[in-house]
Amino acid sequence: MDDCKIILNTGLRGVKIAQTRISDVDGNAGWLIYRGYLIQELASRATFEEVAYLLLFERLPSKSELENFTAELVREREIPPELIAALQTRPASAMAMDVLQAAISMLANHDPELPHVSQDGSVRTAIRLIAKTATLVAAWHRIRRGLDPVSPNPLLYHAANFLYMLNNEAPDSEIAHFLDVCLVLHAEHSFNASTFAAREVASTKAHMYAAVSAAIGSLSGELHGGANARVMDMLLKIGTTEAVESYVQTEFAAGRKIMGLGHAVYNVDDPRAFILAPMSKAMGEKIGDTRWYDISRLLENRAKAAFNQQKGMDIVVNVDFYSASLYYAMGIPIDLFTPVFAVSRVAGWVAHVIEEQYAGASAKPVLYRPESEYVGDYCGPETCSFTPIETRS
Ligand code: COA
């Protein structure tokens, strides 16, 4: 039909479509790096602010660079009052990811640098988006319960301030630290679905808000970021460790998936799960209830064994599996699990938008434009001709 050489590859598994300097995942070795640094090292030694800087500026900041960057994030935390007023018109039952996606688009109306953004300007917009996404999620949680949003606290770091804005009280330092680690772990993951969505939109030269709002739509799905909330629904449905075995048997017999298991890239367990699992256990111990961690641990073992028995191959645990019980023990509402993912991943998305539009790391045409194999009918002169509506049966 045409001269397209590309082999049909549904889902683009194993196809490299661009170059990036931002992160890399080795699905066989089970490692993840951001700008060359192993995720384990970043999770144990860097804050979310440092990681956001690393993603944006391609290197770790010096002390004074981090201070300036943090001050900039703090300055950008407030959201416009018109946006708060708009959120107040939304029904309380609105899905948080939908509200966030719409709010990000509306934020574009208040960016003084749009529509003509320079490369420097796009870094400033990126900082705005990282800062304000957290404020938006927290503000929506307050507004939907009929409460006023809590103004950001400039004395608190990003994760701690988010919890403060969510709950209107000084956060427990250990819980704030756990959230900070979660933000580091979720910040970036190469060409996952939402990042690809952001890059695809950015490739049209659309602005960063358009790209990030597309990414949020992609993240909301349960096969991507939405899985963390579905994992918690599943744990609540199981309810006890005694019920795990029968749940696994029933789900596998029905051909249904166990949420939080399986991955498009990892062939071994997700390295982030090894960090999240002990945090989930520790958080359970802190609140005197390790039930959700215990169910998760047993479920992981039983589901892996059942999968292997049924399909003769292994299934891996992914990032969403233990983050669910961890967030739940931290007191984060289930429907905010995926928005919290976005609070972190926005740092990766904006870095990718900048790379797509300015950094030139990618030896590819400017615009993503794949082809599809048409398998529908042909209605042309050789096949059929257009019938006027009056004579159609
Ligand atoms: N539970 C049970 N079986 C699963 C499974 C799961 N979580 N994930 C995949 N499988 C099975 C599929 O049913 C399929 O079986 P089949 O070949 O007999 O039809 C096989 O494994 C391959 O599944 P597929 O969906 O094609 O794998 P994928 O690599 O394209 O998909 C995911 C990866 C993440 C979409 C998939 O594993 C999934 O849906 N997981 C649950 C949702 C989730 O946790 N998402 C977050 C990802 S970070």
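Residues numbered from 1 in each chain as written. Predicted model: local features only at pLDDT ≥ 70, side-chain atom pairs only at ≥ 80, totals over all residues. Heavy atoms only, no water.

Description of the site of the ligand
So, point 1. Near the ligand lie 18 residues; those nearest to it are Arg13, Ile258, Gly260, Leu261 and Lys311.
So, point 2. Relative to its unbound accessible surface of 850 Å², the ligand loses 68% to contact with the protein.
So, point 3. Here the ligand occupies the largest pocket.
So, point 4. Partitioned by chemical class, the residues of the shell around the ligand number 8 nonpolar, 5 polar and 5 charged. (Near = heavy atom within 4 Å. Areas by Shrake-Rupley, 256 points an atom, 1.4 Å probe, with all protein chains shown as cover. 1 Å grid on protein atoms, 1.4 Å probe; cavity = no way out; pocket = protein on both sides within 12 Å on 5 of 7 lines; lining within 4 Å. Sits in = over half its atoms within 2 Å of the grid points. Nonpolar A, V, L, I, M, F, W, Y, C, P; charged D, E, K, R; others polar.)

Brief notes about the pattern of salt bridges
Oppositely charged side chains may form a pair once their charged atoms are brought near each other.
So, point 1. Applying the stated criterion across every chain, the model contains 24 salt bridges.
So, point 2. For Arg35, the salt bridge goes to Glu58, with nearest N and O atoms at 3.9 Å. Taken as a pair, Arg35 in the loop between strand 2 (31–34) and strand 3 (37–38) and Glu58 in the loop between helix 2 (48–57) and helix 3 (63–75) lie far apart in primary sequence, 23 residues in all.
So, point 3. Judged by its relative accessible area of 14%, Arg35 is buried.
So, point 4. With a closest N to O distance of 3.1 Å, Arg297 and Glu300 form a salt bridge. Taken as a pair, Arg297 and Glu300 lie in helix 14 (residues 291–311) at a separation of 3 residues, close to a single helical turn.
So, point 5. Looking at Arg297, the relative accessible area reads 30%, which means it is partly exposed.
So, point 6. We classify Glu300 as buried; its relative accessible area is 5%.
So, point 7. Three or more residues are tied together by salt bridges with common partners; here these are Glu76, Asp111, Glu113, Arg124, Arg128 and Lys132. (Salt bridge = Lys/Arg side-chain N within 4 Å of Asp/Glu carboxyl O. Helix = DSSP H or I, 4+ residues; strand = E, 2+ residues; numbered from the N terminus. Buried < 20%, exposed > 50% of the residue type's maximum accessible area, 1.4 Å probe, protein only.)

Points about the layout of surface pockets
So, point 1. Estimated volume of the largest pocket: approximately 1,800 Å³.
So, point 2. Lining the largest pocket are 50 residues, with Arg13, His263, Ala264, Val265 and Tyr266 sitting closest to its centre.
So, point 3. Elements with a contribution of two residues or more to the lining of the largest pocket: strand 1 (23–26), helix 9 (193–202), helix 14, helix 15 (319–330) and helix 16 (337–359).
So, point 4. Among the residues making up the lining of the largest pocket, the classes are represented as 23 nonpolar, 16 polar and 11 charged.
So, point 5. For the lining of the largest pocket, the domains that each give at least three residues are domain 1 (19–222 + 334–363) and domain 2 (227–329). (Points joined across faces, edges and corners; volume = space filled by probe spheres on them. Domains from an automatic or database assignment.)

Looking at the sheet that holds strand 1
So, point 1. A sheet is described by the order of its strands in space; here 3 strands give the open sequence 1-2-3, paired in antiparallel fashion. The outermost strands of the open sheet, each flanked by one partner alone, are strand 1 and strand 3.
So, point 2. Taken together, the 4 bridges between strand 1 and strand 2 define a ladder with antiparallel strand orientation. Paired with Val25 across the two strands is Leu32, which belongs to strand 2. (Pairing = 2+ DSSP bridges.)

What to know about empty space enclosed by the protein
So, point 1. Tallied over the full model, the rule gives 2 cavities of 30 Å³ or more.
So, point 2. Roughly 50 Å³ of internal volume is contained in the largest cavity.
So, point 3. Lining the largest cavity we find Leu87, Ala96, Val99, Leu100, Ala103, Leu136, Val137, Trp140 and Pro339.
So, point 4. Listed by contribution, the elements that provide at least two residues to the lining of the largest cavity are helix 5 (96–107) and helix 6 (119–143).

Regarding the packing of helix 5 against helix 6
So, point 1. Across the interface, helix 5 lies against helix 6 with an axial gap of 10 Å and an inter-helix angle of 135 degrees. For the element pair helix 5 / helix 6, the angle class is oblique. For the pair helix 5 and helix 6, the crossing hand works out as right-handed. Contacts between helix 5 and helix 6 involve Ala96, Val99, Leu100, Ala103, Ile104 and Leu107 from the first element and Leu129, Lys132, Thr133, Leu136, Val137 and Trp140 from the second.
So, point 2. Its residues assigned to classes, the contact of helix 5 with helix 6 comprises 10 nonpolar, 1 polar and 1 charged. (Axes fitted to C-alpha atoms, helices over the stretch in contact; angles between N-to-C directions. Parallel < 35°, antiparallel > 145°, perpendicular 65-115°, else oblique. Left-handed = near helix turned anticlockwise from the far one by under 90°. Contact = heavy atoms within 4.5 Å.)

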